[in-house]
Amino acid sequence: SCLSCIMTIVIFSQMNGFLALITGIWLTVHFALCWMFTSKCAHYSYLHGQARSTLVGKIVDSLSNILNVKLFAREQYESRYLRAKLADTVAKDQRLHWYLLKVKTFYCLSITFLIGFMTWLLIYERSHNRVTIGDFALILGVTMEIAYITWFTMSQVNEFHQALGKCKQSLANLIVPQDIQ
């Protein structure tokens, strides 16, 4: 995708230097902001993975306790204990997914801005006979392709950071001594 972006800027510079400059600035700012936003996603994924691992441990613990102490009528205590851990996991899961929604909204708005601005600029340039119909179609088509490539790339980076957060949490479980109660 980096090669595609560089080739786009080169092609645009052959047709109109201003379009190449605008596209280059947009790509730089877009990728920098997206990297900043998605790197925070790893932290949220780590917290979510930690809560999920704790929940799985508590489920196993509670179920074995329920089976073992059913004769002593502590089943309700174990159920309340499990519900509290489940609520914590759900809250962290919601925080992660709300953050991902905000990041994807930013992607959408940024790409919409690029397409809208390039369309307006091309219409303006065409009305002043600075670009031909062929240039207009090519630039608009390439802009749409750049929008698709950036959307796909940033969604992959987002998934990478989610997996990175889960891996960090899993490794933390292996490295840190477990608290057995």
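What counts as what
- Residues numbered from 1 in each chain as written.
- Predicted model: local features only at pLDDT ≥ 70, side-chain atom pairs only at ≥ 80, totals over all residues.
- Heavy atoms only, no water.
- Salt bridge = Lys/Arg side-chain N within 4 Å of Asp/Glu carboxyl O.
- Buried < 20%, exposed > 50% of the residue type's maximum accessible area, 1.4 Å probe, protein only.
- Patch = residues over 30% accessible without salt bridge, like charges linked within 9 Å, V, L, I, M, F, W, Y side chains within 5 Å.
- Areas by Shrake-Rupley, 256 points an atom, 1.4 Å probe, with all protein chains shown as cover.
- Helix = DSSP H or I, 4+ residues; strand = E, 2+ residues; numbered from the N terminus.
- Core = buried A, V, L, I, M, F, W, Y, C linked by side-chain atoms within 4.5 Å.
- Contact = heavy atoms within 4.5 Å.

Visitor: Mind laying out the pattern of salt bridges, listing which residues take part and the relevant values?
Guide: Scanning the entire structure with this criterion turns up 1 salt bridge. Measuring nitrogen to oxygen at the nearest pair gives 3.4 Å for the salt bridge that ties Glu125 to Arg130. According to the relative accessible area criterion, Glu125 is buried, its value standing at 8%. Residue classification places Arg130 among the partly exposed positions, given a relative accessible area of 47%.

Visitor: Pulling in residues and values, what's your account of a nonpolar patch on the surface?
Guide: Taken together, Leu3, Met7, Ile11 and Leu138 make up a surface patch of nonpolar side chains, about 360 Å² in accessible area. When residues of the nonpolar patch are assigned to their parent elements, the largest contribution, 3 residues, is made by helix H1 (residues 2-15). By the secondary structure assignment, Leu138 is in helix H4 (residues 133-175). Residue class for Leu138 comes out partly exposed when judged on its relative accessible area of 39%.

Visitor: Give me the nonpolar core: which residues, what numbers.
Guide: Nonpolar side chains in soluble globular proteins tend to end up buried together. Membership of the largest hydrophobic core comes to 17 residues, with the highest contact counts inside it found for Phe12, Leu19, Trp26, Met118, Ile139 and Ile146. For this core, the secondary structure elements donating two or more residues are H1, helix H2 (17-69), helix H3 (75-127) and H4. A per-element tally of this core places H3 first, with 6 residues. Residues in contact with Phe12, not counting those within four places in the same chain, are Gly17, Leu19, Ala20, Thr23, Met118, Ile139, Val142 and Thr143. Cys34, Tyr44, Leu100 and Val157 belong to the second-largest nonpolar core, a separate cluster that totals 10 residues.

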